[in-house]
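# Inside the fold
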Amino acid sequence: MKTVSENRCFGGVQGVYSHVSQATGTDMTFGLFLPEGAEDGPVPVLWYLSGLTCTHENAMVKAGAQRWAAETGIALVFPDTSPRGEGVADDPAYDLGQGAGFYVNATETPWAPHFRMWDYVTEELPRLLFNAFPIEEGAQAITGHSMGGHGALTIAMSFPGRFRSVSAFAPIANPTASDWGRKQFAAYLGKDESLWAGYDSAVLMRRLGFDGPVLIDQGTSDQFIDLLKPEALAAAMTERRQGGTLRMQKGYDHSYFFVSSFIEDHIAFHATALMG
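These lines cover the structure that appears in this document, whether it is placed above or below. Remember, predicted model here, so these are calculated numbers, not experimental data.

A tally of helices and strands in the protein chain yields nine helices and nine strands. Here the C-alpha radius of gyration of the protein chain, 17 Å, is about what a compact globule of 276 residues would show, namely 19 Å. In terms of principal-axis extent, the alpha carbons of the protein chain reach across some 50 × 45 × 35 Å. For the protein chain, with 276 residues in total, the buried portion stands at 58%. Taking as baseline every contact in the protein chain between residues at least 6 positions apart, the subset at least 24 positions apart corresponds to 72%. When the accessible surface of the protein chain is totalled, it reaches about 11000 Å², and 49% of it is carbon and sulfur. Each charge class in the protein chain can be summarised by its mean position, and for the 19 positive and 31 negative side chains these summaries are 5 Å apart.

Written out as structure tokens, the structure reads:
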């Protein structure tokens, strides 16, 4: 693992690191904020998964999360959204290929050799972090925005007991019924739609639910709301009688202005679950 940069931030350290990934077969870069308390021992951790076109840097720079993480004593992890580099498959469209990994393990050509973001985020990167940094493995939470909200919800429900809480900002909530999902799943996973269900938040909510608190924020003026399908997730939560909160935030769109407006709420929500 290589240190790309480390900067003092709200009493802690915002670092950027790179390493060779066995899961993706590429170099991968991630951001990690450690609060001041990490100097004295392991701290709880909140995973933040980013959306389409993003790298590790977008949320790290734009969300304003470090201030609130420092106040609550929580570490923040910002993984990249896909493999990158020479020889990695890509597509001219912004919503497929590099920057659009969708947090799945691809099985189809030409994506399968590198696009294994599910394994990277759920297995390889956690193993690296817990071995190298003062982070408490038994105190994890997860959140994300858009495609990253999809990733956060599906991962949280697929690993019972790993995460104490889950939240999302404008998640792609029902990708098997949306053009933000059907296109990518067909490319990455093939035409057998039965293989897609494990990566759909609304489907998993009906099937599995989540064994902890849930918080979803969705802007009512989100320009992509018809692709996100928050109503499908709300219906699934209602049918399962899942404890949780889905808030429709009047006038907010899909941008990081939306995320930064409510990131304090989300970190406080996770801090309660991680430390309460």
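Right, picking up where we left off after that structure.
This brings us to the nonpolar core. Counting 90 residues, the largest nonpolar core has Phe30, Leu32, Leu129, Ile135, Ile142 and Tyr188 as its most contacted members. Leu32 has contacts with Val13, Gln14, Gly15, Tyr17, Leu76, Val77, Leu129, Phe133 and Ile135, leaving out every residue within four places of it along the chain.

Quick look at the sheet that holds strand S3 (residues 27-34) now. Judged by pairing direction, the sheet is mixed, and its nine strands sit side by side in the order S1-S2-S3-S5-S4-S6-S7-S8-S9 without closing on themselves. Across the chains shown, the open sheet's two edge strands, defined by having one partner strand only, are strand S1 (2-9) and strand S9 (245-249). The average angle at which neighbouring strand axes cross in this sheet is 20°, direction not considered. Sitting on the sheet, helix H2 (residues 65-72) touches S1, strand S2 (12-20), S3 and strand S5 (75-79), and the angle it makes with S5 is about 145°.

Let us now look at helix H5 (residues 179-189). For an α-helix, the turn length of 3.6 residues means that residues three or four places apart are oriented alike. Listing the buried residues of H5 in full gives Trp180, Gly181, Gln184, Phe185, Ala187, Tyr188 and Leu189. Seen along its axis, H5 keeps its buried residues to an arc of 165°; they face one direction. Elements that come into contact with the buried residues of H5 comprise helix H4 (147-158) and helix H7 (225-228). Its side-chain oxygen at 3.0 Å from the backbone nitrogen of Trp180, Ser178 defines the N-terminal cap of H5. Two residues or fewer past H5, Gly190 is found with a positive phi of approximately 95°.

Attention shifts here to the state of the cysteines. The tally for this structure, following the rule as stated, stands at zero disulfides. Just so you know, Cys9 is unpaired, no disulfide at all, and the nearest cysteine sulfur is the one on Cys54, 19 Å from it. For Cys54, a relative accessible area of 6% translates into the label buried.

What follows is about the packing of aromatic side chains. Summed over all chains, the structure comprises 16 aromatic pairs. When the centroid spacing of 5.6 Å and the interplanar angle of 20° are considered together, the rings of Phe115 and Tyr188 count as stacked. Placement of Phe115 in the loop between S5 and helix H3 (117-132) and of Tyr188 in helix H5 is noted, with a sequence separation of 73 residues between them. Note on Tyr188: relative accessible area 0%, which makes it buried. Both rings, one in Tyr252 and one in Phe262, keep their centres 4.9 Å apart while their planes meet at 70°; by these two values the pair is edge-to-face. Residue Tyr252 is located in the loop between S9 and helix H9 (256-275), and its partner Phe262 is located in helix H9; the two are separated by ten residues in the primary sequence. A connected cluster of aromatic rings, assembled from ring pairs, spans Phe102, Trp118, Phe159, Phe185, Trp196 and Tyr199.

Summarising the element assignment, Ser146 is placed in the loop between strand S6 (135-144) and H4. Taking relative accessible area as the criterion, Ser146 reaches 3% and is therefore assigned buried. The contacts of Ser146, once residues within four sequence positions are left out, are Gly51, Phe169, Ala170, Pro171, Ile172, Trp180, Leu228 and His254.

Attention now goes to unusual backbone geometry. Geometrically, the link from Thr109 to Pro110 is a cis peptide bond, its omega value of 0° lying close to zero. We note that Phe10 has phi near 50°; this positive angle belongs to a residue other than glycine. Here Phe10 lies in the loop between S1 and S2. Relative accessible area serves as the criterion here: at 51%, Phe10 is assigned to the exposed category. Positive phi, close to 60°, is recorded for Phe102, a residue that is not glycine.

Time to look at the pattern of salt bridges. Two side chains of opposite charge can pair, provided their charged atoms sit close to one another. For the structure on display, the rule yields eight salt bridges. Asp80 is the partner of Arg84 in a salt bridge, and the nearest nitrogen-oxygen pair spans 2.7 Å. Given a relative accessible area of 26%, Arg84 falls into the partly exposed group. In this structure Asp80 comes out as buried when scored by relative accessible area, which is 6%. One salt bridge in this structure joins Arg247 and Asp217, with 2.7 Å as the shortest N-O distance.

What counts and how
- Residues numbered from 1 in each chain as written.
- Predicted model: local features only at pLDDT ≥ 70, side-chain atom pairs only at ≥ 80, totals over all residues.
- Heavy atoms only, no water.
- Helix = DSSP H or I, 4+ residues; strand = E, 2+ residues; numbered from the N terminus.
- Rg over C-alpha atoms; globule rule 2.2 N^0.38 Å.
- Buried < 20%, exposed > 50% of the residue type's maximum accessible area, 1.4 Å probe, protein only.
- Contact = heavy atoms within 4.5 Å.
- Areas by Shrake-Rupley, 256 points an atom, 1.4 Å probe, with all protein chains shown as cover.
- Lys, Arg positive; Asp, Glu negative; His and termini not counted.
- Charge placed at Lys NZ, Arg CZ, Asp CG, Glu CD.
- Core = buried A, V, L, I, M, F, W, Y, C linked by side-chain atoms within 4.5 Å.
- Pairing = 2+ DSSP bridges.
- Axes fitted to C-alpha atoms, helices over the stretch in contact; angles between N-to-C directions.
- Arc of directions from axis to C-beta.
- Polar contact = N/O pair within 3.5 Å; in protein donor to acceptor, adjacent residues only side chain to side chain.
- Disulfide = S-S within 2.5 Å.
- Phe/Tyr/Trp six-rings, centres within 6.5 Å; stacked < 30°, edge-to-face > 60°.
- Salt bridge = Lys/Arg side-chain N within 4 Å of Asp/Glu carboxyl O.

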